[in-house]
Amino acid sequence: MKYFDSGAREPSQSLGQWLQNAAKEEIAEIRIQSGYFSLDGIGLLIPVLEQAAKADRLTRFLIGSNDGCTLHSDLASLMQIMGIPRSNGELGIVSFGGAYFHPKTYHVRRQDGTEAAFVGSANLTAAGLALNVEAGIALDTREGDDPHQLSQIAAAIDAWFDEKRDGLIVVTGFETLNELADRGVLAIAPPPKPIESDRGASSGSPRPRLKPIFSLPSVKQISAATGAASAAEVPDLPEDALQEDSEDIVVEVAPPAPAQAGKYQAFLMTLQKTDVGVGQVTKGTSRRSPEIFIPLAARDTDPDFWGWPNQFTNDATKPGKMDRPGVKMRIGTTIIDVNMMTWPDKSDFRLRSEHLRSAGSIGDILYMERSDGKGGFTYYVEVIPQSSARHAQYLAHCINPTKNSKKMWGYI
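Residues numbered from 1 in each chain as written. Predicted model: local features only at pLDDT ≥ 70, side-chain atom pairs only at ≥ 80, totals over all residues. Heavy atoms only, no water.

J.: Is there a simple way to think about the sheet that holds strand β2 (residues 27-34) in this case?
T.: Within a beta sheet, neighbouring strands are joined by backbone hydrogen bonds and run either parallel or antiparallel to one another. Taken in spatial order, the 8 strands make up an open sheet running β1-β7-β6-β5-β2-β3-β4-β8, and their pairing is mixed. Edge positions in the sheet fall to β1 (2-5) and β8 (168-170), since each has one partner strand and no second. Each adjacent strand pair in this sheet contributes to an overall mean axis angle of 15 degrees, direction not counted. Strands in contact with helix α1 (residues 15-23) are β1, β2, β5 (104-110), β6 (115-120) and β7 (135-140); relative to β6, the strand with the most contacts, it is inclined by about 165 degrees. Sitting on the sheet, helix α5 (residues 147-163) is in contact with β2, β3 (58-64), β4 (89-94), β5, β6, β7 and β8, with an inclination near 70 degrees to β3. (Pairing = 2+ DSSP bridges. Helix = DSSP H or I, 4+ residues; strand = E, 2+ residues; numbered from the N terminus. Axes fitted to C-alpha atoms, helices over the stretch in contact; angles between N-to-C directions. Contact = heavy atoms within 4.5 Å.)

Put into structure tokens, the structure is as follows:
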């Protein structure tokens, strides 16, 4: 038995080092359960998982989706790497209301029959493997540890699949992941990072930041639509990227914004020339107003999502025109003011913002998620480019056509 503690900031004390050593062996069976998961934590295991898929060796993963934060796209890629569906490969998602799935255990059985396991605090994420201060215990029958203890670790993971415990959803294909995303168990987009203050920063003594102690290989995102690897890769663990995963982010506190009601959580729409173009390009002519055009049918499918009509007021300068000015939206790291408006002589609903208009291109997808307002914004907004591996996943939810337009839209 060996104790690991990455507080010493030694690579040999990290879960990443343990996994790297385990992956050098010929693995007959692998079992993992992790409360949190991100694709950037799987790079060390890809050769093992690909060999297991090819030979149909036993592979069982249990992944938590606590508060619905685990990404659909990350699990789609993991599913492909594991070769699911196959008879000896199983991927389970565990999610509860009012409780977390929080274990972190890693077990391998080698081809020679020996077993090794790691039990500790580190999740299967880049930060858990190489950045955060984590602790754990490693056991290995080659080093004289009790085989019964090792078998108990494996059996604890098997029991979830064998007993079909409450909270477990076994992934059989992309349809399972899509259903979980529709139910809010999985996230389509990364949630906005929390905006919080740092008491130390206000006193002139910011908290120390950690640097990664272990280098992880990059991982290619796999498209759920084509099964092909995206050109965009999850990068190695540079310091800046890892700092995003740490809890030491120093940001200013934004004042709360109004919460937004609605039947659905997010709205999706393909952008067209009217949304991202500037109108006349002839010298001396005026640019068109920076507006995103939302079909009235989309607005009327979930009026509360847009605050219609209760949060709108009459425009005194134009009879019949209704406005909802200064709506706080977060796009990237910036909170912007967006004016919502309807026109009595136009058959659409508009979002006026130069920031939004200039963020996308024709064919990209506008993603708008309503917020509780605690982070200082009422909506979280992203523009998903066509080159992104996530584009196909969002496009599958844009099921409603728009009259006289190629524009498609939908809600999730």
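J.: Explain the pattern of salt bridges to me, please; I cannot follow it from the model alone.
T.: Opposite charge on two side chains allows them to pair when their charged atoms are near. Considering all chains together, one arrives at 23 salt bridges under this definition. The salt bridge involving arginine 109 is made with glutamate 29; its shortest N-O contact spans 2.4 Å. Pair noted here: arginine 109 is in strand β5 and glutamate 29 is in strand β2, with a separation of 80 residues, a long-range link. Across the pair arginine 165 and glutamate 163 runs a salt bridge, and its minimum N-O distance is 3.0 Å. Linked by salt bridges that have partners in common, Glu29, Arg31, Arg60, Glu90, Arg109, Glu115, Asp158 and Asp162 make up one network. (Salt bridge = Lys/Arg side-chain N within 4 Å of Asp/Glu carboxyl O.)

J.: I'm lost on the packing of aromatic side chains in this one. Help?
T.: The description of two aromatic rings rests on the distance between their centres and on the angle between their planes. Taken as a whole and judged by the stated rule, the model has 16 aromatic pairs. Here the aromatic rings of phenylalanine 267 and tyrosine 411 are separated by 5.2 Å at their centres, their planes lie at 55 degrees, and the arrangement is tilted. Of this pair, phenylalanine 267 sits in strand β11 (residues 266-270) while tyrosine 411 sits in strand β20 (residues 405-411), and the two are 144 residues apart along the sequence. Each member of the pair, phenylalanine 267 together with tyrosine 411, is buried. What links up through ring pairs into an aromatic cluster is the set Tyr264, Phe267, Phe305, Trp306, Trp308, Phe312, Phe349, Tyr379, Trp409 and Tyr411. The ring centre of tryptophan 160 lies 5.1 Å from the NZ or CZ of arginine 165, which sits over that ring. The ring of tryptophan 308 carries the charged tip of arginine 299 above its face, separated from the ring centre by 4.2 Å. (Phe/Tyr/Trp six-rings, centres within 6.5 Å; stacked < 30°, edge-to-face > 60°. Buried < 20%, exposed > 50% of the residue type's maximum accessible area, 1.4 Å probe, protein only. Lys NZ or Arg CZ within 6 Å of the ring centre and 35° of its normal.)

J.: Looking at this structure, I do not really get unusual backbone geometry. What am I missing?
T.: Glycine aside, residues mostly have negative phi, and peptide bonds are mostly found in the trans state. The omega torsion of the bond from isoleucine 84 to proline 85 falls at 10 degrees, within 30 degrees of zero and hence cis. With respect to the secondary-structure elements, proline 85 resides in the loop between α3 (72-82) and β4. In the segment running from tryptophan 308 into proline 309, the intervening peptide bond is cis, with an omega of -5 degrees. Turning to its location among the elements, proline 309 is positioned in the loop between α11 (303-306) and β13 (313-314). At aspartate 56, a residue that is not glycine, the phi angle is positive and equals roughly 55 degrees. Tracing the backbone shows aspartate 56 in the loop between α2 (46-55) and β3. Judged by relative accessible area, which is 24%, aspartate 56 ranks as partly exposed. One non-glycine residue, aspartate 67, lies in positive phi territory at about 60 degrees.

J.: What is the right way to read the pairing of β7 from this model?
T.: Of the strand pairs in this sheet, β1 and β7 are connected by 4 bridges, and their pairing is antiparallel. Following the sheet pairing, phenylalanine 4 is matched in β7 by glycine 136. Pairing analysis gives 5 bridges linking β6 to β7, with the strands arranged antiparallel. Paired with phenylalanine 118 across the strands is alanine 138, a residue of β7.

J.: Mind showing me how you'd approach empty space enclosed by the protein here?
T.: Gaps left between atoms show up when a probe the size of a water molecule is rolled over them. This structure, assessed with the given rule, holds 1 cavity of 30 Å³ or more. Looking at the largest cavity, its volume works out to about 70 Å³. In terms of lining, the largest cavity is formed by 16 residues, of which the most central are Ser6, Gln13, Ser14, Leu15 and Glu134. Taken together, the elements giving at least two residues each to the lining of the largest cavity come down to α4 (126-130) and β7. (1 Å grid on protein atoms, 1.4 Å probe; cavity = no way out; pocket = protein on both sides within 12 Å on 5 of 7 lines; lining within 4 Å. Points joined across faces, edges and corners; volume = space filled by probe spheres on them.)

J.: Sorry if this is basic, but what is going on with the nonpolar core here?
T.: Where a protein is soluble and globular, its nonpolar side chains tend to be buried together. Counting 46 residues, the largest nonpolar core has Trp18, Ile42, Phe61, Leu78 and Leu91 as its most contacted members. Here the element with the most residues in this core is α3; it accounts for 6 residues. Excluding residues that lie within four positions of it along the chain, phenylalanine 61 makes contacts with Ile32, Ile42, Leu49, Leu78, Met82, Glu90, Leu91, Gly92, Leu124 and Phe161. Of all hydrophobic cores here, the second largest spans 28 residues; its members include Ile294, Met340, Leu351 and Met368. (Core = buried A, V, L, I, M, F, W, Y, C linked by side-chain atoms within 4.5 Å.)

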